Amino acid sequence: MTNIVFGSDFHFDLYPAYPGMFDNIKRAFRTAIDLAAKLNALYVDLGDTFDPLSGKISASVLDPVFDEFAEASKRVKILKILGNHGRGDHGTGDHSEAPLGGLAGVRLFQTQGVELVQGSPDVALFMVSYQEHKDDFIKIVRDFEKEAMKLRRAKTVCLLGTHQGYRGGYVGVHEPGYQPNEDQGAWELPGDLFNPFAAVLSGHFHKHQELTIGGRKLFYVGAPLQHDLGDRGQTRGIVVVRVAPKGELTVGQRAFDQFPTFEVIKVDREKFDGILKRDWSNTFVKAVIADAAFDEARLFELKA
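Description of the structure in this document. (Residues numbered from 1 in each chain as written. Predicted model: local features only at pLDDT ≥ 70, side-chain atom pairs only at ≥ 80, totals over all residues. Heavy atoms only, no water.)

**Thoughts on the sheet that holds strand 10 (residues 216-220)**
And step 1. Strand order in the open sheet formed by 6 strands is 5-6-7-8-10-9, and the pairing between neighbours is mixed. With one partner strand each, in any of the chains shown, strand 5 (112-117) and strand 9 (209-213) form the two edges of the open sheet. Each adjacent strand pair in this sheet contributes to an overall mean axis angle of 25°, direction not counted.
And step 2. Two elements, strand 7 (residues 157-163) and strand 8 (residues 199-203), share 5 bridges in a ladder whose sense is parallel. Bridge pairing in strand 8 places Leu-159 opposite Ala-199.
And step 3. Contacting strand 5, strand 6 (123-128), strand 7 and strand 10, helix 3 (residues 134-153) runs over the sheet at an angle of about 170° to strand 6. (Pairing = 2+ DSSP bridges. Helix = DSSP H or I, 4+ residues; strand = E, 2+ residues; numbered from the N terminus. Axes fitted to C-alpha atoms, helices over the stretch in contact; angles between N-to-C directions. Contact = heavy atoms within 4.5 Å.)

**Considering the packing of aromatic side chains**
And step 1. Taken as a whole, this structure holds 14 aromatic pairs when the rule is applied.
And step 2. Centre to centre, the rings of Phe-12 and Phe-22 are 6.3 Å apart; their planes meet at 70°, and the pair counts as edge-to-face. Taken as a pair, Phe-12 in the loop between strand 1 (2-7) and helix 1 (21-38) and Phe-22 in helix 1 lie far apart in primary sequence, 10 residues in all.
And step 3. Ring plane angle 45° and centroid distance 5.7 Å describe the contact between Phe-137 and Trp-187, whose orientation is recorded as tilted. Remark: Trp-187 occurs in the loop between strand 7 and strand 8 and Phe-137 occurs in helix 3; sequence separation between them is 50 residues. You'll find Phe-137 and Trp-187 in the same group, each marked buried.
And step 4. Among the aromatic side chains, those forming a connected cluster through ring pairs are Phe-10, Phe-12, Phe-22, Phe-29, Tyr-43 and Phe-69. (Phe/Tyr/Trp six-rings, centres within 6.5 Å; stacked < 30°, edge-to-face > 60°. Buried < 20%, exposed > 50% of the residue type's maximum accessible area, 1.4 Å probe, protein only.)

**Side note on the environment of Phe-262**
And step 1. Topologically, Phe-262 is positioned in strand 13 (residues 261-268).
And step 2. For the pair Phe-262 and Gly-230, spaced 32 residues apart in sequence, the C-alpha separation works out to 8.3 Å.

**Let's talk about unusual backbone geometry**
And step 1. Of note, the bond from Ser-120 into Pro-121 is cis; its omega dihedral lies within 30 degrees of zero at 10°.
And step 2. By the secondary structure assignment, Pro-121 is in the loop between strand 5 and strand 6.
And step 3. Although it is not a glycine, His-204 adopts a positive phi angle of roughly 105°.
And step 4. Relative to the assigned elements, His-204 resides in the loop between strand 8 and strand 9.

**Let's talk about the nonpolar core**
And step 1. The biggest cluster of nonpolar side chains holds 32 residues, and the ones touching the most others in it are Val-5, Phe-12, Phe-29, Tyr-43 and Ile-78.
And step 2. Among the secondary structure elements, those contributing two or more residues to this core are helix 1, helix 2 (59-72) and strand 11 (237-243).
And step 3. For this core, the element with the highest residue contribution is helix 1, accounting for 8 residues.
And step 4. When neighbours within four sequence positions are excluded, Val-5 is seen to be in contact with Ala-32, Leu-35, Ala-36, Leu-39, Ala-41, Leu-42, Tyr-43, Val-44, Ile-238, Val-239 and Val-240.
And step 5. Counting 26 residues, the second-largest nonpolar core is a separate cluster that includes Phe-126, Ile-138, Leu-189 and Ile-213. (Core = buried A, V, L, I, M, F, W, Y, C linked by side-chain atoms within 4.5 Å.)

Structure representation (structure tokens):
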């Protein structure tokens, strides 16, 4: 059995408004690494360790996260691709995640590459960092085809790791009005593009989900924690891929249900005091209070 643990979209610096969330996201990362170590597994990070699209990261965030990766890479080998957040092509120089690639136990794919994982069976991970243009992405994956088919003939299981938006994927994060929606700008790809691969694992969309593209399964790992009210009701965590000796794949989410969640409640004004008395520990709540004296609902935010 060959095990691989996938994590994605940690966005360590996304939570300044929510007390304690930076510590929670560090705990989530450590939980993922603990599981990889327990399973004697490779850990694969599918991008967006940080949040700013500008690529500028405060040292107060970068330094402790660098330390987290440094400690983790002493315990497990880490593969990492770059996401769309913090890319150097925004005119700020190197990608914000580039320093992580300098760690001895971390292999960072600036654009693309292949990692062979020896096990029972062997697994080849074909990795593609975020591509802004669809044609560039298609060319990279097509260029993998010859090598992937050769490895498949040698009974090596080939997986593709990406950080892209695919048509049919469900977004539902950071949406105005906190309403989830379908992403209308995601790519529709040639039906045979993923044929050389047993499965595709991807970052970018924060909801854990499974798609089928051209007969191949594509799994969005999803973010490890809920990021805001748009994520309410969604189960978050990491993904474990198990490859049996004869090549059968099992892909399953490991839920992180020990971390804070978000909730929206609607309540009449006269009942609001009772709401305040409830135990909201480990929950961020937005109460929408209907009041006939106002043209719009009044919003109150409670932080546990």
